[in-house]
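A look at the structure
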Amino acid sequence: NAGVIQTPRHKVTGKGQEATLWCEPISGHSAVFWYRQTIVQGLEFLTYFRNQAPIDDSGMPKERFSAQMPNQSHSTLKIQSTQPQDSAVYLCASSWDWEYEQYFGPGTRLTVL
Amino acid sequence: GQQVKQSSPSLTVQEGGISILNCDYENDMFDYFAWYKKYPDNSPTLLISVRSNVDKREDGRLTVFLNKSGKHFSLHITASQPEDTAVYLCAAGSFMQQGTGSKLSFGKGAKLTVSP
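Residues numbered from 1 in each chain as written. Chains lettered and ligands numbered in written order. Predicted model: local features only at pLDDT ≥ 70, side-chain atom pairs only at ≥ 80, totals over all residues. Heavy atoms only, no water.

1. A look at the environment of G42 of chain A
All names here are of chain A. Here G42 is to be found in strand β5 (residues 42-50). Overall, G42 belongs to the buried group, its relative accessible area being 7%. Considered as a pair, G42 and A67 are 25 residues apart in the sequence and their alpha carbons are 21 Å apart. Discounting chain neighbours no more than four positions away, the residues touching G42 are R36 and Q37. (Helix = DSSP H or I, 4+ residues; strand = E, 2+ residues; numbered from the N terminus. Buried < 20%, exposed > 50% of the residue type's maximum accessible area, 1.4 Å probe, protein only. Contact = heavy atoms within 4.5 Å.)

Below, the structure written as structure tokens:
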């Protein structure tokens, strides 16, 4: 039973470039969450989908960040014009539904030079 | 501000002892409380969770205690082993706020070291 899959595991971009991060939730899970982890801020919520519909994006920076879930098997987080402060580990989690335990993927470490 | 706080960033326990990790929260609406374990360069792994309708939950060597009036919950690990050495993150959510409360708020983590 595969867990949450995230690709790539590591990504290095130059300042101003675009980065797209992928997440495949656990099969059968209807809720998908994106979090960001930094040393300074810790683990912070970004956005969340339920049955592919966006429910809460209160943690997303208003500019440059966007997330989609085009089908039940994957979600993407896109960062346009990346900045050094975007460097972090981006974690995707999924749960059976919105009120159940969340299980995390391995994360994507984004480094913006 | 930080809705979930772990006041002690590190803890060292002798092998075989009891490790106690603490977490305080601010939001009265939180009704779901969890502890995650994290190794360096790995993602958080769910250890144990509890809903607000109980004040204690045990699972093997792990016990979560919830004190809603004090806005505090803790993780007790009995018979601590060197392999318990890791960072422990507490988390809380408002699952009864259908939909929008599902996001988890995390503490910044506490490093537990179990020495042989």
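2. Concerning the pattern of salt bridges
Where charged atoms of side chains with opposite charge meet at close range, the side chains can pair. Summed over the entire model, instances satisfying the criterion amount to 9 salt bridges over all chains. For D56 of chain A, the salt bridge identified is with K103 of chain B, shortest N-O distance 2.9 Å. Placement of the pair is D56 of chain A in strand β6 (residues 53-56) and K103 of chain B in the loop between β9 (86-93) and β10 (105-106), with the two residues belonging to separate chains. For R64 of chain A, the salt bridge goes to D86 of chain A, with nearest N and O atoms at 2.6 Å. (Salt bridge = Lys/Arg side-chain N within 4 Å of Asp/Glu carboxyl O.)

3. A look at the state of the cysteines
The tally for this structure, following the rule as stated, stands at 2 disulfides over all chains. Between the sulfur atoms of C23 of chain A and its disulfide mate C92 of chain A the distance is 1.8 Å. A torsion of -60° about the S-S bond marks the disulfide between C23 of chain A and C92 of chain A as left-handed. In this pair, C23 of chain A sits in strand β3 (residues 19-24) while C92 of chain A sits in strand β9 (residues 88-95), placing the two residues 69 residues apart along the sequence. In terms of burial, C23 of chain A and C92 of chain A fall into one category: buried. Through a disulfide, C23 of chain B is tied to C90 of chain B; the S-S separation comes to 1.9 Å. Because the torsion about its S-S bond is 60°, the bridge between C23 of chain B and C90 of chain B counts as right-handed. Taken as a pair, C23 of chain B in strand β3 (residues 19-25) and C90 of chain B in strand β9 lie far apart in primary sequence, 67 residues in all. (Disulfide = S-S within 2.5 Å.)

Such coordinate-based values are descriptive only and should not be taken to indicate function.
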